[in-house]
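Each chain, written out:
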Amino acid sequence: MRGNGLESNRQHTITTSLLPYQKATWKYSLQCLERGYHRIGPVRLRTGDIFGFSSAETRYLQFDDLLVFPTVLDVSRLLFPPEHPLGEIRGSNPIYFDTNRVVGQRDYQSQDPMKHIDWKATARAGTLQTKVFEPVVSLNMLIVMNGSTRDHSWQGSNRRLFERCVTVAASVAGLADQSGYTYSVISNAVASFTGKWINVPMGGHRPASFP
Amino acid sequence: MTIEALAMAAPYVVAPLSEVMNAGRDSLPPGTTVVLITPAISDSLLADIAGIRDHGCPVLVLYAGDGVPDEELGDLTVIPMATVLDPLEGHE
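What you see is a predicted model; the values in this text were computed from it and never measured. (Residues numbered from 1 in each chain as written. Chains lettered and ligands numbered in written order. Predicted model: local features only at pLDDT ≥ 70, side-chain atom pairs only at ≥ 80, totals over all residues. Heavy atoms only, no water.)

What to know about helix α3 (residues 159–178) of chain A
Residues and elements named next belong to chain A. Where we set the bar: By definition, any uninterrupted DSSP run of H or I lasting at least four residues is a helix, any uninterrupted run of E lasting at least two residues is a strand, and each is numbered from the N terminus. Helix span, expected: 1.5 Å multiplied by one less than the number of residues in the helix. Buried residues are those whose accessible area, probed at 1.4 Å on protein chains only, stays under 20% of the maximum for their type, while exposed residues exceed 50% and partly exposed ones sit between those limits. Two N or O atoms count as a polar contact when they lie within 3.5 Å, although within protein this holds only if one can serve as hydrogen donor and the other as acceptor, and sequence-adjacent residues are included solely when both atoms are side-chain atoms.
Taking 1.5 Å per residue, 20 residues should reach 28 Å; α3 reaches 28 Å between its end C-alpha atoms and fits that length. Here α3 lies mainly inside the structure; 17 of its 20 residues are buried. Among the residues of α3, the N-terminal cap falls to Asn158, whose side-chain oxygen and the backbone nitrogen of Arg160 are separated by 3.0 Å. Directly beyond the C-terminal end of α3, a positive phi value near 80 degrees is found at Gly180.

Structure below.
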């Protein structure tokens, strides 16, 4: 069995005796105690007589994969107070306007587009009036996970602190997912057996991908 | 896909965090909230955060280390996560 992280190899051995044409089946229940991508395999079969005069060996190189998800915590109350459910995302300067939602009028300014002039309000006021639209702020979140647990890379990695980061990142992503936000996840930590850093692009997640 | 990606994360760093963030910074939609999860806060990390804020993105730091960060962080919003993480590890 090979696990990610420390790339540990654990060997499991079964020894039994079989009569001619007899079959044996072993079933296991695995407790998923450690997050990560685990490979089960390969299998090596070795047989021989009880005296050790003859032996034969074969290998099955296929792997089975087992992916253990990180713990997802409820961090909604801890992270975002009710009046700012998206943190500090609502800024003072609106970025886009919803032209279907008019919230009022103001005096025309030279940089205003002509199509935004409210002609009825202009007639009432006697001066040019421009429609004021409701601002729309994009609901995007970038989750950045720092995989460096030490100041310098040569100091190695603290596995416990790294697992804490993964748990928090998964919890925040779960919160964003449940709330219907567009988000992405990047990290300088490597994805197992890929050699590349983690990068889930904006909107690249599947709906309801969290348990 | 996200939780699968996080499940596959291994505790090896393949690049400085600044390089990872710079790779996608220009494609970030304006106003995107950046939630940075870190177990340690260093001077280089603070410089990276300043770069993000200069780009117009608000930054929220979730400190996943033990206790609270020692560094002086000014007006940066930092939330220590020890209160939710310590019980998982059997700490008080």
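Digging into a nonpolar patch on the surface
Residue and element names in this part refer to chain A. What counts here: What makes a patch is a set of residues exposed beyond 30% relative accessible area and free of salt bridges, joined within 9 Å when like-charged and within 5 Å when nonpolar (Val, Leu, Ile, Met, Phe, Trp, Tyr). Exposure was quantified through the Shrake-Rupley algorithm and a 1.4 Å probe, taking into account, for residues, occlusion by the shown protein chains and nothing else. Put simply, a salt bridge is a Lys or Arg side-chain nitrogen that is within 4 Å of an Asp or Glu carboxyl oxygen.
Taken together, the side chains of Ile14, Trp26, Tyr28, Leu30 and Ile40 define a hydrophobic patch exposed on the protein surface, amounting to about 500 Å² of accessible area. Along the chain, Ile14 turns up in the loop between β1 (2–3) and β2 (36–40). On the accessibility criterion, Ile14 (38% relative accessible area) is partly exposed.

What about the nonpolar core?
The tendency in soluble globular proteins is for nonpolar side chains to be buried side by side. As a reminder, the rule being used: Here, nonpolar core means buried Ala, Val, Leu, Ile, Met, Phe, Trp, Tyr and Cys residues that are tied together by side-chain atoms lying within 4.5 Å of each other. Here, two residues are considered to be in contact whenever any of their heavy atoms come within 4.5 Å of each other.
Counting 33 residues, the largest nonpolar core has Ile143, Met145 and Val168 of chain A together with Ile37 and Leu62 of chain B as its most contacted members. Elements that contribute at least two residues to this core include exactly β8 (140–145), α3, β9 (182–191) and β10 (197–200) of chain A together with α1 (2–7), β2 (33–38) and β3 (59–63) of chain B. Ranked by residue count, the leading element in this core is α3 of chain A, at 10 residues. Those residues within four positions of Ile143 of chain A in sequence are excluded, and the remaining contacts are Ala169, Val172, Ala173, Tyr183, Ser184, Val185 and Ile186 of chain A together with Val35 and Ile37 of chain B. Within the second largest apolar cluster, 20 residues are counted, among which are Met21, Leu45, Tyr63 and Leu76 of chain B.

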